[in-house]
Every structure is written in structure tokens, then in C-alpha cells.
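Chain residues, written in single-letter form:
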Amino acid sequence: MKVVLAIMEIEQKALFIIFGGTGDLAKRKLYPSLFQLYKKGILKDNFAIIGTARRPWSDEHLQEVVKEAIEGDEAAVSLGAEFASHFYYQSHNVNDTEHYVTLRKLAEKLDEKYQIEGNRLFYLAMSPRFFGTIAQHLKSQKIVTTKGYNRVIVEKPFGRDFESAKDLNDSISKYFPEEDFFRIDHYLGKEMIQNIMALRFSNNLFRAVWNNRYIDNIQITLSEALGVEERAGYYETAGALRDMVQNHILQIISLLTMNMPASYSESDIRREKIYALKSLKKYSAVKVAENFVRAQYSAGDGQIGYLQENEIANDSTTETFVAGKLFVNNENFSGVPIYIRTGKRLTKKTTRIDISFKEMETSFFDSKKLGRNILTINVEPEGKVFLQTNIKKIGQGFDLVPSLMELQLNNENVVVPEAYEKLLLDALLGDATNFAHWEEVAYAWKFVDSIRKAWDDGNGNLAEYPCGSMGPRESEELLERDGHQWVFDGE
Ligand code: NAD
């Protein structure tokens, strides 16, 4: 552990080139996260950031935008101007080869000025349709250096099915080997998602019961209160299944169900995650209709329905909600239903995992009256872990009452770093553990494609749910058929 900390505290030398430097992601996530690394001294003197995009901005303008992006941070008052002075802007159309020549010259100049020693991170924060062309030009125009490292970080969505993901992957991996290719799934940068491995593998208590002998079912909820907002164009081509299940939910499932890796290393963890995803039970088209629910939000709670949203076709069949029952057929989890649901315009924004343990057969208590043990990993908004247990009711007799044990995760009063800050640091250190490997992406797409295909072939109806609810009735029925109910009722 000490060794890891020591590496992380070392100042990093790097030139970032952010494609899409004027975009929403850059302003809301990347610039504030880079500032956190600067505050910690990980980025100090030997770094520079080139923002590139189509708009004709100047360096000064980008620096103002960066200062605005970090404004809420107290440290920005003293450090903001110095931090922003490391930012440079180049107006750039990604299809124009000439622009890459200018970009190379600027990169070389900054490399020398800040003594960066050739380390480059190319962050592609723009539409994936440009990724291939950017990768190709980075290589052909020699923006990729021969001296330091060259890493490319790409944003989601990574394809819209297996075929398109493969094309996208091939178009980049022609120029960047897998070890230099960092596919962002920002859920993997979340502290509580990273805690899954800590909980599972560092506590004998949990290790012992983390299997189909003790776990009855797992429930994963990724709910959003917002509607489609300004992303209608993209969302119409995606839907909840592609937008949330293929990446975030399947990644969470792989962390929850993988076998214990041989060591805490990128390759060992990856191997087990891939094996878990490969072990997802495949459904026939008819079984997809039985085990998956898709739905669209309708007006309610003072909000308009999906079909009334701007830029949404009034006969759109895009799902804004999906629920499903999955199985990972590996040795520890076969037979354990994993219920998932995600959707827009639900009661509130939350990400949580509820692990419900089996009922106990006992003659010591009236087992019907015993509450189940439930381990809840509340990823957000609370960032806490709870364990529901049974304890004795105070007083005469021997009645039982449920009690909630809260696991203290943050006993040092440290500020929990934002996912993007952690992922940017991982990329600086060349550690891809918390990024999605191509094989993980490929298995996840193949699974999702089979569900999508069944729906497209007419299996499974599109249900409706009013805004401000927790989805359609069918989502409740999915669990009720098995004698279960959602632990999280949306409150
Ligand atoms: P955005 O529309 O705000 O920004 C897109 C950027 O690309 C702009 O800087 C624009 O100038 C630039 N651009 C577009 N066409 C160009 C061209 N031909 N040449 C040069 N530059 C061009 O988008 P965003 O919200 O910042 O998202 C960027 C990427 O990140 C997308 O792939 C998106 O799906 C992904 N993403 C964004 C978020 C988010 O919170 N915004 C979250 C997850 C993933």
C-alpha cells in the first residue's frame, strides 16, 4: 500500500491533448479534476494541456474558461491563475491534416518548455465517429512520440453494438496497443464501486458468504431523476439498455460476481472480470421477453412524457427504462438472480446495490419472522455501506427487531476524489485496472445485442411508467414472480 501511495505522490510529467476542449465534459469534469491533481502536486511544473476544438478560441480564452470551471474551489483563488497558465488552445478540425501539423509543432514546443520528456495523453472527448481519424492522424503526423509514453483515453459510448464497437476498436488499436488504450467507464472510478473488491476480498466475513449458498439475490438500481434533457439525438439511437446496461451495470455485475483474482494486479483482475462477463447466461428470444422489461416515461409529476420531449419522434419506441433478471453461471453465482433496473425520470438519482441473503432455516426462532440480512452498497448519493441484521428488542422476552449497521468507510475525513480525478491519475500512471478492456466491452455488447435483437424481432412489449415513479408495474412483477420485491422502493 505504501508503495502505491509513494508512486501517486510523485510529480508526473505529461502533455495532455484534449480533443473536444470546449465541450461540456471538458469543462464540467476534466478541468476540475486536473486541478485536483495540480493541488496535490501530482501535476506541478512539468505539464501542459492543449485544448483543441473547432471554435476559434485563444489561449487566453481557454484559460478564462478553465478558471471558471474551477471557480467553486477555494484553492482556485491562490492557485487558479498559475494552473490555467499551463493551458493552450488550438482551433482544429479533426478531419484536416494541416491542423495536425500545427498541433505537432505546438506539442513539441510545450514539451520542451515544460520538460515533459515525450509523455503524451490524448483525451478524445468528442463524438466517437472522429476517434479513428484522430488516431490515424496522431500517428501519421508524428504527434505520437518515440521518447515517452503515448496513451489514448476515449469516452463512452463505445459503439452501439458489437460490430460498431469492433470497428471503433480496430480503428484505434491499429495505432495504439491495448496497454495504451484507456476506455473510460466513469463508474469504475467511483470510490464505492472500487470498494466492492475491498469489501469482498479483504473481509473474511464477506468472503465466506459471497456465493450462491448464502446469497439469495442481488439487485442493482441506477436511477435518474432527470429526463432526456439535451441528449435527445444521441439517446434516440441508444436507449437505456445501451446507455447504462452495456457498460456501467455489466461492469458492476462483473465486480460483484467474479472469482477472487490471484493478485491485485491489472491482468489478474481483468482475467476474472472477463470470465464473469463470459459466464452471463444467454437467453432465447422468448426468454428475453420473460426476463426483461422495457418501458418509456409518460407525463406525470408535472413533467412531460418522453414522446413530448424536443427532438423525439412522436412514435419513438426507444426505452427510457429497462429492468431485467440476469445470471452469471460461474461456480459461485450460478442460480443467483441478479435483478437490474435503470431509467430516467424515476423518483430520484441513486446508484445502489442490494445483496439479499437467504432466509435461514432454524427452529431456534420463528424463521418467518426473521428479517433477511441485506448488504446495501449505496454508491450515491450517500456513499455508504449498510448491513441489515436482526437484534434483540430491548426489554422482557426475546423478540427480534431489524437493525441497520453502517460501515464507516471514511474515518480520516478525507475528501472523496471525483471519479474523473482518479481515472486521470490512473491513466498518468499507466494503470488500466479501472478502465474497460476490449474483451470486457466485447462480451458486454454480445450480451446486450442478444436482448436488443429479441426486442427488435418483436419479443417483449414497450411498457409505460409515469414520471416520478420507480418504473412500470412489470418491473415489480419481474421480482414478484420469484417471490421477491425490490429492496429499494424509490424513497
Ligand atoms: P460537447 O458537444 O459539449 O463537445 C464536443 C466537442 O467536440 C466540442 O469541443 C466541439 O467543438 C468538438 N468538435 C465537434 N466536432 C469537431 C470537429 N469536426 N473537429 C474538432 N472538434 C470538434 O460534448 P460533450 O458533452 O463534452 O461530450 C464529449 C464526449 O464525451 C461524447 O462522446 C460524449 O458521449 C462523452 N460523454 C460526455 C459526458 C458529459 O457529461 N458531458 C459524459 C459521458 C460521456
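Residues numbered from 1 in each chain as written. Predicted model: local features only at pLDDT ≥ 70, side-chain atom pairs only at ≥ 80, totals over all residues. Heavy atoms only, no water.

Draft legend 1. Inspection of the site of the ligand at higher detail. Every one of the 19 residues lining the ligand counts as a neighbour, but Thr22, Asp24, Leu25, Arg28 and His92 are closest to it. Within the side chain of Asp24, one N or O atom sits 2.7 Å away from a nitrogen atom of the ligand. Considering the ligand on its own, with 830 Å² of exposed area, one finds that the protein chains cover 75% of that surface. Residues of the shell around the ligand, tallied by class, amount to eight nonpolar, six polar and five charged. (Near = heavy atom within 4 Å. Polar contact = N/O pair within 3.5 Å; in protein donor to acceptor, adjacent residues only side chain to side chain. Areas by Shrake-Rupley, 256 points an atom, 1.4 Å probe, with all protein chains shown as cover. Nonpolar A, V, L, I, M, F, W, Y, C, P; charged D, E, K, R; others polar.)

Draft legend 2. Quick peek at the packing of aromatic side chains. Summed over all chains, the structure comprises 25 aromatic pairs. Arranged with centres 5.6 Å apart and planes meeting at 80°, the rings of Tyr297 and Tyr306 form a pair that is edge-to-face. The two residues Tyr297 and Tyr306 agree in class, both being buried. Arranged with centres 6.4 Å apart and planes meeting at 70°, the rings of Tyr297 and Tyr465 form a pair that is edge-to-face. With Tyr297 in strand S8 (residues 292-298) and Tyr465 in strand S15 (residues 462-466), the pair connects residues that are 168 residues apart, well separated along the chain. We note that Tyr297, like Tyr465, is buried. In textbook terms, an aromatic cluster arises when at least three aromatic residues are bridged by ring pairs, as seen for Tyr31, Phe35, Tyr38, Phe47, Phe83 and Phe87. For Arg151, the ring lying beneath its charged end belongs to Tyr149, and the centroid distance is 3.5 Å. Across from the ring centre of Phe158, 5.4 Å away, lies the NZ or CZ of Arg183, which sits over that ring. (Phe/Tyr/Trp six-rings, centres within 6.5 Å; stacked < 30°, edge-to-face > 60°. Buried < 20%, exposed > 50% of the residue type's maximum accessible area, 1.4 Å probe, protein only. Helix = DSSP H or I, 4+ residues; strand = E, 2+ residues; numbered from the N terminus. Lys NZ or Arg CZ within 6 Å of the ring centre and 35° of its normal.)

Draft legend 3. Fine view of the domain arrangement of the protein. Partitioning the protein into domains gives domain 1 (4-155) and domain 2 (188-417 + 437-480). Between domain 1 and domain 2, the C-alpha centre-to-centre distance is 35 Å. (Domains from an automatic or database assignment.)

Draft legend 4. Structural detail: the sheet that holds strand S4 (residues 120-124). If you trace the six strands from one edge of the open sheet to the other, you get S3-S2-S1-S4-S5-S6, paired in parallel fashion. Either end of the sheet is taken by a strand with one partner, and the two such strands are strand S3 (87-91) and strand S6 (181-183). If you compare each strand with its neighbour and ignore which way they point, the axes differ by 20° on average. For strand S1 (residues 14-19) and S4, the ladder comprises five bridges, and the chain directions are parallel. Along S4, the bridge assignment pairs Ile17 with Phe122. Sheet strands touched by helix H6 (residues 131-140): S1, S4 and strand S5 (150-154). Its angle to S4, the strand with the most contacts, is close to 160°. Against the sheet, helix H14 (residues 419-429) engages S1, S4, S5 and S6, with an angle of about 155° to S5. (Pairing = 2+ DSSP bridges. Axes fitted to C-alpha atoms, helices over the stretch in contact; angles between N-to-C directions. Contact = heavy atoms within 4.5 Å.)

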